Every structure is written in C-alpha cells, then in structure tokens.
Amino acid sequence: MEIQKVSSNLNGLKSYADYVNPFTVYLDGLFFMVDAADASDLERAHKSFERVNEFVGDNDYIKADLAAVDGLMNNKPLTPTTYVIFETGSAPVRDQIRIDIPTFWPELPYLGAAFPRLIFQNNYVSSLTVTADGTNVLNTVLLASMDNIIGLDLKNEMPTIITKTLISTSIKAAATHFAWEATRRKQADGTLDNGGIAGALVLIAATSWSVANNIADERTWTTLPKEFQVCRFQTPSDRKIDIASANGLQKTSVTITDGIVNIVYVKSINSTAPFLVSQIRLK
Amino acid sequence: MKHKAIHLLFVAFSVVCIIAGCGTPAHYVKTGDAEQIINVGQLNIQDYPAAAHDAITNLLASGALDRVATPPAVLYVSRIINDTGLQIDPDLLTKKISIALHNTGKAVTTTTDSTTKGLIEKDIFLNGSSAGRMPDFTLSGKITDIYDRAGNTTRHTYSFQLSLNDTKTGNQVWEGETEIGKQGTRASVGVW
C-alpha cells in the first residue's frame, strides 16, 4: 500500500513522449526558421513546429509560426515579430516516503526502505498578459509543463527504483543477520569471550547503519521552472509593451531592442517575486 | 592458500575479459556495406542512397530530361515535404539525385548559394538582364511514413514520392515512388 502511494500523484499528468521537452523542440523550430541557411533548415523548422503543435494541442501562436515558415519557403520575408517567453514557478522537488519496520525479532530487529516522491510547487504566476500598441492584449499559453516532464521521467523510473530499494533492503537485512550469526557461532565455539555483549553490539551497529542509510535519492534540478509559456505578436511600431501577471500583482514595461525577430524572456520564481526580464535579438 | 590465490587471479582475469569484450573497437564502414544498423522507427543512412538510386534509374529511363530544346536541362530542386514524424534532412535524398544527374550530363541544377544569387542580382542591376536561364523543370516530392502494429511487432513503410514538373506547361512529366519497409519488435535495432 505504501509503495502504491509513491507514484499515485503522477497518474494524472499529461505525458508528451519519453525524453521530449516541447520547449526545446520549439526553440529548435524558432532558430532554424529565423537563421535558415537553406530549404532543409526551413523543413526542419516546419517539422519542429508541427511536433510542438501535436504535443501541446491547438495553439494559434504555433499556427502563426507554421504560416511564417510556409511564407519563407515561398520567398516571403519575416515580418517584425516579438516572442514573449515566460518561465514561471519552480520545478517539483523530491521528498521521500520512508518505511521503518521494527520486526521484534532478536536476530533482525529492523527493516527499512525509502522511496522518492514528487512535491509539486503551486505558488506560481499562472500566465502573463502582454499589451502591445496599447490595445493589442494577449496572454501567454502553455508550451511545456516541467511537472509533466519530470513526473513522467520519475514514473518510468519508478519500477527500477522500487526493485533496487528492495534489493538494497534485503542485502542490509542479510548482512545484519549474518554478522550476528557469526558472532553467535564464535561464542558457541568458545573463541569469543563476552559473546552476548559482542552480539548485541553487532546488532546495534548494523541496525544503526541500516537506519542511517535508509534514505531515498532526493536530488532534483531545482532551478528549472514549473512551466514554459509563449506568446508571439507583431512588434508594435513604438516597440513598447506592458507585461502583467494574471493576478495583476506584478507589472513591468519593456522597450524592445532593434531587430526583426526579438525574444523578451520573462522569469518569475513565485507569485510574489518580481519579474526578471531579459532580451535576445534573433535577427 | 595457493589454490585461493589462483582462484582469485582467475576471477579477476574473467572480469577483465568480460569488460573488454563489451565494446566494439572503432573502425571505418562504408554506406551500403553488409554491416548496417537498421532501426524500425527511423530512416537509416543507407535508406537515402537506396531511394535516390531508384529515383535516378527511373527518371533517366523515362527520358523526360532529354525532351528539352537546349540540353542539358535546368532543374530547380523544390520542396520535399517531410510528412513523417521524424526530423529528416531532405538534402540527404536530393543531393544524391542532383549529383547523379550532373554526372550524366543530362541536367544541371540551379544554385541555392546566397553569394551566387547576390552576384546574379548585381548583374541584373548593372546590365538590366542576366545570362542565367530559367529552370526547365522543378523536382518536388514528399516522404511519408505508414505505421502498422500487431501485438509487439511494428512495421514502418517509408514512401519517397518524387515528381518532375515542367515549368512551361505545369505538367508533371515524370513521377516516381520508392517504398522502404521495416519490420521488427518494438524499439528493435538490427545489424545486418
């Protein structure tokens, strides 16, 4: 029952595909569209945007990107475009479910196992509202959920983790038992004085070692965000945009730098922290 | 004691042999050799020359390139649509076709090099016209992937569909299709 609980919070996650992050596929499409050297680069960009569209579902921004690639294939140049990429929240962290079983069996007083589980971070800005030209109001939409990607990764890994943990528990139990058994045998041979005390010390040491090492692997990449979102629009003539969180608590104005294709990269760690804004000129 | 030492030496030697035996030493291979890696779910390097060879043989046999007023025919390589779920570089197919056509002397392809295009534009700007010739044909096509599955066995059929289009009439003067089928258990890789 405890083992079933380990991955129960991963069952409702939407899966993309193994080892696929739609955000990196999107960046691949963006790069090969903007910096295409020949027709095969444009074909690659088209395929990347197609794949992202399949991963994330119906998305008007990606449809506009596909139309832009089609335009380039027909010698129609890119129009001035700004992309707002929004990195919001924090990736899930790992906690552990620890099972400690006192057996009340003198030869093996303790058995233990620990399994990792994900704790999702829900203190985040759900989306951004971008206002361009004072009237053009757009919202960022989900491109990649790191919750889903990391959750799927752990879910796939879980059978191996459970097997390795159970093997480790068995080895520790066997080592404890055989150490005690060896002490007992020496006591019976008469080769060990105070065999009873030595046996007890062996059991205390082995049990302490098992308890101290009963920890799951809790290492995670904590600087990753919870979600990557995107929004694209024609660069306004005054090159000024206003960015606000969906709850209206954070607002900032950005003047877009020179360029035909620009990225405004907005990072928000949680729902109260101020935005970190940077810009990249792609073309 | 002596027996124990020999036993330990034997175990250590066996472990070294097993570890050493796990790797394959690096060596050169030629595309199309007997030694090939085959993936069911993707196109391998030997699949492109096979499809290109099939297309060139059929195209030359059709005689379509011979029916131009002033040989060699000028060919523009247009879009090869990738209708598979894979990232494919169409140049792996089209480059082999254009190299083979150049070598026959029956066709030349228009350049995609931006520097050359810039020089032509400069020539047009300075002289009002260029000595360049409009393409007689365009080569277009599509690569598709049909996927079938029964139990644990999957089959991918990749179809390379190519068309030669006459730029004056708009007619397709040649069409060719090459199918490459691969079958195996899921996620299997073979060495043939």
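The structure contained in this document is the topic of the report that follows. (Residues numbered from 1 in each chain as written. Chains lettered and ligands numbered in written order. Predicted model: local features only at pLDDT ≥ 70, side-chain atom pairs only at ≥ 80, totals over all residues. Heavy atoms only, no water.)

**Observations regarding the pairing of strand 2 (residues 73–83) of chain B**
Residue and element names in this part refer to chain B. Taken together, the three bridges between strand 2 and strand 3 (residues 107–109) define a ladder with parallel strand orientation. Bridged to L75 within strand 3 is T109. Handedness of the strand 2-helix 3 (residues 91–104)-strand 3 crossover: right-handed. Note that strand 2 and strand 4 (residues 137–150) share seven bridges and pair parallel. Counted as the bridge partner of L75 is F137 from strand 4. (Pairing = 2+ DSSP bridges. Helix = DSSP H or I, 4+ residues; strand = E, 2+ residues; numbered from the N terminus. Right-handed = clockwise from strand over helix to strand, strands pointing away.)

**Looking at the interface of chain A and chain B**
By a frequent convention, interface size equals the accessible area lost on bringing the separate parts together. Between chain A and chain B, the residue contacts involve twelve residues of the former and twelve residues of the latter. Surface buried jointly by chain A and chain B totals about 840 Å² across both partners, of which 42% is contributed by carbon and sulfur atoms. Broken down residue by residue, the surface that chain A buries against chain B is led by A:S40, A:E43 and A:K47, which jointly contribute 62%. Between chain A and chain B we count one salt bridge in total. Between B:R79 and A:E43 there is a salt bridge; the shortest N-O distance is 2.9 Å. At the surface where chain A touches chain B, the tally comes to eight residue pairs in polar contact (both at pLDDT 80 or more). Listed by contribution, the elements that provide at least two residues to the side of chain A that touches chain B are helix 3 (39–56) and helix 4 (60–73) of chain A. Per-element tally for the side of chain A that touches chain B: the top contributor is helix 3 of chain A, with eight residues. Its residues assigned to classes, the side of chain A that touches chain B comprises one nonpolar, three polar and eight charged. (Contact = heavy atoms within 4.5 Å. Buried area = accessible area lost by both parts, 1.4 Å probe. Salt bridge = Lys/Arg side-chain N within 4 Å of Asp/Glu carboxyl O. Polar contact = N/O pair within 3.5 Å; in protein donor to acceptor, adjacent residues only side chain to side chain. Nonpolar A, V, L, I, M, F, W, Y, C, P; charged D, E, K, R; others polar.)

**Some thoughts on the side chain of A:H46**
By the secondary structure assignment, A:H46 is in helix 3. The buried category is assigned to A:H46, whose relative accessible area is 9%. Leave out the neighbours within four places in its chain, and A:H46 touches A:L66, A:V69, A:D70, A:M73 and B:R79. (Buried < 20%, exposed > 50% of the residue type's maximum accessible area, 1.4 Å probe, protein only.)

**Things to note about the packing of aromatic side chains**
All names here are of chain A. Considering all chains together, one arrives at six aromatic pairs over all chains under this definition. Here the aromatic rings of F31 and F32 are separated by 5.3 Å at their centres, their planes lie at 85 degrees, and the arrangement is edge-to-face. Residue F31 is classed as partly exposed on the basis of its relative accessible area of 44%. A residue is classified by how much of its surface remains accessible, and F32, at 17% relative accessible area, is buried. Each residue in the set Y26, F49 and Y83 is aromatic and connected to the rest through ring pairs, giving one cluster. The ring of Y124 carries the charged tip of K226 above its face, separated from the ring centre by 5.1 Å. (Phe/Tyr/Trp six-rings, centres within 6.5 Å; stacked < 30°, edge-to-face > 60°. Lys NZ or Arg CZ within 6 Å of the ring centre and 35° of its normal.)

**As for helix 2 (residues 22–34) of chain A**
Residue and element names in this part refer to chain A. Counted at 1.5 Å a residue, the expected span for helix 2 with its 13 residues is 18 Å, and the 18 Å between its end C-alpha atoms agrees. Burial runs high along helix 2: ten of the 13 residues are buried. When we look at burial in helix 2, the residues that qualify are P22, F23, V25, Y26, D28, G29, L30, F32, M33 and V34. The backbone nitrogen of F23 has a side-chain oxygen 3.0 Å away, supplied by the residue at the start of helix 2, namely N21. (Expected span 1.5 Å × (residues − 1).)

**Brief notes about the packing of helix 3 of chain A against helix 4 of chain A**
Residue and element names in this part refer to chain A. The N-to-C vectors of helix 3 and helix 4 enclose an angle of 165 degrees; their axes lie 10 Å apart at closest approach. Considering their axes alone, helix 3 and helix 4 lie roughly antiparallel with respect to each other. Considering how the two elements wind past one another, helix 3 and helix 4 form a crossing that is left-handed. Two secondary-structure elements touch here, helix 3 through L42, E43, A45, H46, F49, E50, V52, N53 and V56 and helix 4 through I62, K63, D65, L66, V69, D70, L72 and M73. Residues of the contact of helix 3 with helix 4, tallied by class, amount to ten nonpolar, two polar and five charged. (Axes fitted to C-alpha atoms, helices over the stretch in contact; angles between N-to-C directions. Parallel < 35°, antiparallel > 145°, perpendicular 65-115°, else oblique. Left-handed = near helix turned anticlockwise from the far one by under 90°.)

**Here we look at the layout of surface pockets**
Residue and element names in this part refer to chain B. Roughly 1700 Å³ of volume is contained in the largest pocket. Contributing to the lining of the largest pocket are 45 residues, with Y76, V77, T111, T112 and K117 lying nearest its centre. Ranked by residue count, the leading element in the lining of the largest pocket is strand 2, at six residues. A per-class count over the lining of the largest pocket returns 20 nonpolar, 13 polar and twelve charged. (1 Å grid on protein atoms, 1.4 Å probe; cavity = no way out; pocket = protein on both sides within 12 Å on 5 of 7 lines; lining within 4 Å. Points joined across faces, edges and corners; volume = space filled by probe spheres on them.)

**Focus: the nonpolar core**
Counting residues in each nonpolar core, the largest one holds 42 residues, and the members touching the most others are A:Y26, A:M33, A:F49 and A:Y83. Not counting residues within four places of it along the chain, the set of residues in contact with A:M33 comprises A:L42, A:A45, A:F49, A:D65, A:A68, A:V69, A:L72, A:L78 and A:Y83. By size, the runner-up hydrophobic cluster in this structure holds 28 residues, among which are B:A64, B:A73, B:L93 and B:A107. (Core = buried A, V, L, I, M, F, W, Y, C linked by side-chain atoms within 4.5 Å.)

**Focus: the pattern of salt bridges**
If the charged atoms of two oppositely charged side chains come close together, the side chains can form a pair. Residues and elements named next belong to chain B. On inspection of all chains with the given rule, the structure shows 16 salt bridges over all chains. When the shortest N-O distance is used, the salt bridge between D66 and K106 registers 3.6 Å. Taken together, the residues D66 in the loop between helix 2 (47–62) and strand 2 and K106 in the loop between helix 3 and strand 3 connect sequence positions 40 residues apart. Using a relative accessible area of 43% as the deciding quantity, one classes D66 as partly exposed. Judged by relative accessible area, which is 32%, K106 ranks as partly exposed.

**A look at helix 3 of chain A**
In a regular helix each residue adds 1.5 Å, so 18 residues correspond to 26 Å; helix 3 of chain A covers 26 Å between its end C-alpha atoms and thus fits that length. Count one or two residues on from helix 3 of chain A and you reach A:G57, which has phi positive near 90 degrees.

**What about a nonpolar patch on the surface?**
On the surface, A:I197, A:L201 and A:I204 cluster together to form a nonpolar patch covering roughly 320 Å² of accessible area. Its location among the elements puts A:L201 in helix 6 (residues 195–212). (Patch = residues over 30% accessible without salt bridge, like charges linked within 9 Å, V, L, I, M, F, W, Y side chains within 5 Å. Areas by Shrake-Rupley, 256 points an atom, 1.4 Å probe, with all protein chains shown as cover.)

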